[in-house]
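Listed here are the chains, written in short residue letters.
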Amino acid sequence: MSVSPDGSVAGMIAQLKSIAEKALADLAQASTLESLDEFRVAVLGKKGSFSEVLKGLGGIPASDRPAIGAAANDWKRKLEEALDARKSELEEKRLASQLESERIDISLPSRQPPAGALHPITQTTRKIIQVFSRLGFDVTTGPEIETEFLTFEAVNIPKDHPARDMQDTFFAGPGVVLRTHTSPVQMRAMREKGEWPVRILSPGAVYRCDDDATHSPMFHQIEGLWVDHGVKMSHLKGVLEFFAREIFGSDSKIRLRPSYFPFVEPGAEVDVSCFNCSGRGDDGCRVCRGSGWLEILGAGMVHPRLFEMAGFDKKSGYAGLTGFAFGLGVERIAMLLHRISDLRLMYQGDLRFLSQFRA
Amino acid sequence: MKISWNWLSEMVDLGSVGGPKGLAELLTRRGLEVEAIESQDAGLAKVVTGRILEKGQHPQADRLSLCKVTLGTGEPLEIVCGAQNHKSGDVVVVAQIGAHLPNGLKIAAGKIRGVVSNGMLCSESELGLKEESEGILILPQDTPLGLPIAEILGRTDHLLTLKITPNRADCLSHWGIAREVAAALEKKPSRPEPKLAWDPSKQDANPRTGLEAGELGPQFFGARIEGVRIGPSPEWMVKRLEAVGARSINNVVDSTNLVMFELGQPVHAYDAALLSGHLLVIREARAGEQLPLLDGTTVTLSGTELVIADDAKAVALAGVMGGGNSEVSDSTSAVFLEVAQFDPSLVRKASSRHQKKTEASHRFERGVDAQGLEFAMRRLADLVLETAGGKIVGMSTVRKPAVQPRKISIDSGYCANFLGMPVQAAEVEQVLRSLGCELEPRAGGWNVIPPSFRLDLAIPEDLAEEIARCVGFERIPSEVPTLTDMPTSQAGDARFNARAWIDGAKDRLVGMGFHETVNFSFTSTKWLKELGLASTVKVMNPLSEEHEWMVPSLLPGLLANVLHNTRHRFGSESQPIRICEIRPTFHATGEVAAVGEDQTGVEEKWRLSFVMSGPRFAQALRNEEGEVDFFDGKAIFERLMDSMGARGMRLQPLSASRGGNALAHLVHPGQAAEVLAGNQVAGVIGMIHPKFARAWKLRAPLFMAELDFDALVKMARGAGEARKFSGWPEFPGMERDFALLVKKEVGAEKLAVIALKAGKPLAKVAKIFDVYRGPQVGEGMTSIAVRVIFGDDTRSLQEAETEEVSKKIVEAWRKEAGAELRG
């Protein structure tokens, strides 16, 4: 490339100007980052048109050089600014097109690992244990196949007593039964501790020869026992009222109706006010069927015979010992809380049922 | 038990009780739960008497009549009738528009074959009087018109069904309930006072009564009545019995039943001509003795029962049922009446041994009023004389000396204190007296003597209950008890730890997508057989074949769950099935029988089991799916072990099992592992054996696992134990990858184990990251790629060091696993 047509200072400046102006005008034609790079090299690179002009500086008197240098720098700065601006413009464009090409349909189904759930019986059991734990009850468990002695005799249900009819019993061998309630666990716990106070909760599976829409040959119970000097029936009522409020809602009320269970005296059936119609007993209430009350458990003051069977030492003062006990059916409460209509659903292992109780 | 409102109201004034509903509430409040109230006039509203003024022909139908019926007053009604048995002038039963008959029929105005009918003329079956009837009911000519039919038929009673708890033997009669109601209403109850004076000294009965069973049969009253005429009972008696659900038989038998329902004392009548000898006794049965009963069956006695016997034979199973050999029949002309008392538990034993549950045994096994026998006998004799005629020709009484009445000593403040209820001494006194107790005042309290019929009152707590139920449980306030010692420590308690891990393991499994199930502990012979399993604990009285055995494993239940879920689903899509259970299984090595007070011979072993099948994801696009295989299941196992900190739990190929794994046959021998806890076999995991998959037509691979939960808990860290922070390597590790060629029988994990051992202490991690089998490595060989990461906790390693250790490792691989480095 020739230096300048006339080798003059003005000519050289004009030449630089012309190259720069053309370059600025052509810049828009570089439509990709790659072509922009090429363009930059073609103009500003070592062998670029701009540099070629400046190679002619050698023929210019030294006194004129600063003027040309200043002009060249000025144009070069302008060019570089323009190139940079174009570059970020192109970069932005490229990003935009990348983003566009990476667009996904967020409405497609997610990749979901299987979800599980605790059985409603377990969920309800835990809830109930939590409530009583706050009052100081400990949990104890025991065997599901028990001796007839601990299941009945020890809790004041003698052989050949009509009270045996209250619980139809499965037998597994002579003197061996599938426990009909978790009372033998409490008896074992009292015998083991051998002294009071006793505050225990015994949850677990129990069995009765019964199979219809509202009875299952296996079901779950939680029994509670509080034995100490000075325990009164009013304490039983307070504890059960607290339980009812925690499980069924803070405005729940309880009602005790006299009843009979051989291991307690007095004995009571306990109802809780219907949480669905707030105990009003609304005609159409599907939960309480209009009675306003739900029968949820049996309770009473521990029959003193049990202290004797527990082997408590009379001499150390069990004469004035009292206690209260209660027993509730877990399924019954789970059915109320989850609005489960059919008891049998509990034991079928049907995922259509189980999956509805995910926490 | 059914209680008749009308009968009861003859014994106690029910005017203030608020009708049957109010009575039911009162009884329930006092612990006598009323389960149902039925009114005899139910369905008979708007059903009245009327007279047919004119019987005409229906203009459109030959077989229908059109009757003009008057109800005594007002305009006569035109009623279409399909019956044939009526004529003009008959008094009939008219169901008016709006009636809703006992058989469910609702009467509405409507046209029958084009003619308006303003009601219906009723048959007996439509009125619920009979199962079937022909034609409409025609009443006597002198029946007043326009009266409710319930009144005409005497169906005005209300029946309360009571659920009497076993302790309240005294309430198994109308008199018992009357006493209770009277106490509540502060009224005096009354009952028919028998006219007969009881005086055995006048003339001995023939036979005389005797006691040969001691205290087991302590009282026996007998009376002989001659010249009776057996026949139907008077209407009032039939009605009364039918109201409470008993069938009328004849005047003598009905009299005995009436006494039982009235007074609660079961009694019996024999045909005196069929009794032999001069003595009738209560004695223990002889083993093998045969006794024909009233229900037509004959029982062979075991010797533990009580019988009533004459000098030749047993004539009744005492307390349960009379004998068929001495039954009162139409030809009976002399009856012998029995009123006795028997040991309740013997009656119960006899009734359950021979499976005869009767109204009598129900009452005797709960206990009768020892002071009530004479009254019952007088009432019975009265009724027999009244309904069957005849003359009493002898009376006999034998009884053991009366047992001293119980005395219960309570302090005057006892009830208030025990119940936590403000109740004054005066009120306690009043309540106890209202129930028939006698109170002997003593310093600071009373000696309470309960009435003879209250067999359930024996200890102070019983009296407290009487106070609570009589003044009302609602008067007991709610209080919170206070702790008098520290809650039991759970730290370090093995049983608490096991329970906590049950919850912990369930939570972890749920977190990994499992649904917890609760299966019955029962299983069937058939299902066990199909699975090749055996149970050692049998239910002696199962409800059905499905419930014959206690489960030896949780897998029978879980596999049934899988089958259930593959068969019951919405749509045909395969869905992930992940189900788990932690429950006991039942095992016996010897006989299942009680030993001492607390041993059963049954061992309960807790198991943790899970099954998984179907897609890996609950939801994903088709190309991302994939069905679970052994390694998905193994991952669940490992995650569970890791989260429980169960060190020492290992897997070994089933082929290495030393046998005795009861579940091994359920799994694919090449895709399963035996679980070891230390050196103890602790379960099995693996894919189901293809023979089951084929038999059940399973569409997806099925993984299952059953672990000995107790063994697992032993290996785990404490459930409440905090995990300890242990820092991390400060210096970067150096990695080396090795490609090894081994025989395919060599388990890959072995290579990692060898590497860690031979590379100690610098080899920190060794993992398998690729496996290849195929033509390039030759038949019977596997290429396994192992990555080893070396490091030192105190410094950075030099290249040469790892080089040296690597050589050692390679050498160990060669020696111990026959592995060669691939070139």
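This one's a predicted model, so the numbers in the text were calculated from it and none came from an experiment.

## Comments concerning the sheet that holds strand 15 (residues 279-284) of chain B
The strands that make up a sheet are held in pairs by hydrogen bonds between backbone atoms, and each pair lies either parallel or antiparallel. Here we have 5 strands laid out as an open sheet, ordered 12-15-18-19-20 (chain B), and mixed in their pairing. Across the chains shown, the open sheet's two edge strands, defined by having one partner strand only, are strand 12 (208-211) and strand 20 (321-322) of chain B.

## Section: the sheet that holds strand 29 (residues 577-587) of chain B
Residues and elements named next belong to chain B. Reading across from one edge, 26-29-30-34-33-32-31 is the order of the 7 strands in this open sheet, with mixed pairing throughout. Each edge of the sheet is formed by a strand with only one pairing partner; in this case those strands are strand 26 (515-516) and strand 31 (649-653). Of the strand pairs in this sheet, strand 33 (residues 680-688) and strand 34 (residues 702-708) are connected by 5 bridges, and their pairing is antiparallel. The residue of strand 34 that forms the bridge with G686 is M704. Across the sheet, helix 16 (residues 630-643) touches strand 29, strand 30 (603-613), strand 31, strand 32 (667-677), strand 33 and strand 34, and the angle it forms with strand 30 is around 135°.

## Brief notes about the domain arrangement of chain A
Each assigned domain of chain A is listed with its residue range as follows: domain 1 (9-101) and domain 2 (120-357). Distance between the C-alpha centres of domain 1 of chain A and domain 2 of chain A: 92 Å.

## Focus: the confidence of the model for chain B
Looking at chain B as a whole, its pLDDT mean stands at 93, while 100% of the residues score no less than 70. For this predicted complex, the interface confidence comes out at an ipTM of 0.88, alongside a pTM of 0.88.

## Considerations on the environment of L14(B)
All names here are of chain B. Here L14 shows up in the loop between helix 1 (5-11) and helix 2 (19-29). The sequence separation of L14 and L185 amounts to 171 residues, and the corresponding C-alpha distance is 8.6 Å. When neighbours within four sequence positions are excluded, L14 is seen to be in contact with W5, L8, S9, L23 and V181.

## Digging into the packing of helix 13 (residues 494-511) of chain B against helix 16 of chain B
All names here are of chain B. Look at helix 13 against helix 16: their axes get within 10 Å of each other, and the N-to-C directions meet at 140°. The orientation of helix 13 relative to helix 16 falls into the category oblique. Note on packing geometry: the crossing formed by helix 13 with helix 16 is right-handed. Taken together, the residues of helix 16 that come into contact with helix 13 (itself represented by W501, A505, R508 and L509) are I636, L640 and S643. Partitioned by chemical class, the residues of the contact of helix 13 with helix 16 number 5 nonpolar, 1 polar and 1 charged.

## Re the nonpolar core
For soluble globular proteins, nonpolar side chains are generally found buried alongside one another. Core analysis: the largest hydrophobic core is formed by 125 residues, its most contacted members being F243(A), F326(A), I467(B) and L559(B). Sequence-distant contacts of F243(A), that is, excluding residues within four places in its chain, are made with I128(A), V131(A), F132(A), I296(A), L297(A), L328(A) and I333(A). Counting 93 residues, the second largest nonpolar core, distinct from the first, contains M11(B), L280(B), L337(B) and A340(B).

## Digging into helix 2 (residues 33-44) of chain A
All names here are of chain A. Given a rise of 1.5 Å per residue, 12 residues ought to cover 16 Å, and the 16 Å separating the end C-alpha atoms of helix 2 matches this to within 8%. Among the residues making up helix 2, those that are buried are L33, L36, F39, V43 and L44. All buried residues of helix 2 project into a common sector of 110° when viewed along the axis, lining one side. More than 90 degrees from the buried face of helix 2, the exposed residues found are E38 and V41. Turning to helix 2, the residues buried within the fold contact helix 1 (9-26), helix 3 (49-54) and helix 4 (65-101).

## Observations regarding the packing of aromatic side chains
Counting across every chain of the model gives 28 aromatic pairs over all chains. Ring centres 5.2 Å apart and planes at 70° place the aromatic pair F514(B) and F610(B) in the edge-to-face group. With F514(B) in the loop between helix 13 and strand 26 and F610(B) in strand 30, this residue pair connects regions lying 96 residues apart in the sequence. On the basis of relative accessible area, F514(B) is assigned to the buried category, the value being 0%. In this structure an aromatic cluster arises from ring pairing among F132(A), F137(A), W226(A), F243(A), F248(A), F275(A), F324(A) and F326(A). One cation-aromatic arrangement involves K538(B) over W549(B); the distance from NZ or CZ to the ring centre is 5.3 Å. Positioned above the aromatic ring of F769(B) is the side chain of R787(B), whose terminal nitrogen or guanidinium carbon lies 4.8 Å from the ring centre.

## Considerations on the pattern of salt bridges
Any two side chains of opposite charge can pair, given that their charged atoms come close. On inspection of all chains with the given rule, the structure shows 74 salt bridges over all chains. With a closest N to O distance of 3.6 Å, D342(A) and R344(A) form a salt bridge. In this structure, K634(B) and E638(B) form a salt bridge, with 3.8 Å as the shortest nitrogen-oxygen distance. In this pair, K634(B) and E638(B) are both assigned in helix 16, 4 residues apart and thus about one turn of the helix distant. Given the relative accessible area of 41%, E638(B) is considered partly exposed. A single salt-bridge network, built from bridges that share partners, covers R30(B), R168(B), D170(B), E180(B), R454(B), D456(B), E466(B) and R469(B).

## Looking at the side chain of E516(B)
Along the chain, E516(B) falls in strand 26. Among the polar contacts made by the side chain of E516(B), one reaches the main-chain amide nitrogen of H119(A) at a distance of 2.9 Å. In this structure the side chain of E516(B) is engaged in a polar contact, spanning 2.9 Å, whose partner is the side chain of K506(B). Setting aside residues up to four positions removed in sequence, E516(B) forms contacts with A117(A), L118(A), H119(A), T122(A), L354(A), K506(B) and C580(B).

## Side note on the interface of chain B and chain A
The interface is formed by 96 residues belonging to chain B together with 92 residues belonging to chain A. It is F473(B), H515(B) and E597(B) in chain B that bury the most area against chain A; as a group they hold 9% of the surface buried on that side. Where chain B packs against chain A, one counts 8 salt bridges. Between R191(A) and E597(B) there is a salt bridge, with the nearest N and O atoms lying 2.6 Å from each other. At the boundary of chain B and chain A, one finds 40 residue pairs in polar contact (both at pLDDT 80 or more). Counting residues per element, the ones that place at least two in the side of chain B that touches chain A are helix 2, helix 7 (344-353), helix 10 (414-419), helix 12 (460-471), helix 13, strand 26, helix 15 (555-567) and strand 29 of chain B. Here the side of chain B that touches chain A is built from residues that sort into 38 nonpolar, 27 polar and 31 charged.

## Quick notes on the pairing of strand 6 (residues 218-229) of chain A
All names here are of chain A. Counting buried positions over the 12 residues of strand 6 gives 11, a clear majority of the element. Pairing between strand 5 (residues 198-207) and strand 6: 10 bridges, direction antiparallel. Note that in strand 6 the partner of V198 across the bridge is V227. Relative to strand 10 (residues 321-329), strand 6 runs antiparallel, the two being bridged by 9 bridges. Bridging from a neighbouring strand, H229 pairs with L321 of strand 10.

## What about helix 5 (residues 235-243) of chain B?
Those residues of helix 5 of chain B that sit buried are M237(B), V238(B), R240(B), L241(B) and A243(B). Immediately downstream of helix 5 of chain B, the backbone of G245(B) shows phi near 95°, a positive value.

Cut-offs used in this document
Residues numbered from 1 in each chain as written. Chains lettered and ligands numbered in written order. Predicted model: local features only at pLDDT ≥ 70, side-chain atom pairs only at ≥ 80, totals over all residues. Heavy atoms only, no water. Pairing = 2+ DSSP bridges. Helix = DSSP H or I, 4+ residues; strand = E, 2+ residues; numbered from the N terminus. Contact = heavy atoms within 4.5 Å. Axes fitted to C-alpha atoms, helices over the stretch in contact; angles between N-to-C directions. Domains from an automatic or database assignment. pLDDT = per-residue confidence, 0-100. Parallel < 35°, antiparallel > 145°, perpendicular 65-115°, else oblique. Left-handed = near helix turned anticlockwise from the far one by under 90°. Nonpolar A, V, L, I, M, F, W, Y, C, P; charged D, E, K, R; others polar. Core = buried A, V, L, I, M, F, W, Y, C linked by side-chain atoms within 4.5 Å. Buried < 20%, exposed > 50% of the residue type's maximum accessible area, 1.4 Å probe, protein only. Expected span 1.5 Å × (residues − 1). Arc of directions from axis to C-beta. Phe/Tyr/Trp six-rings, centres within 6.5 Å; stacked < 30°, edge-to-face > 60°. Lys NZ or Arg CZ within 6 Å of the ring centre and 35° of its normal. Salt bridge = Lys/Arg side-chain N within 4 Å of Asp/Glu carboxyl O. Polar contact = N/O pair within 3.5 Å; in protein donor to acceptor, adjacent residues only side chain to side chain. Buried area = accessible area lost by both parts, 1.4 Å probe.

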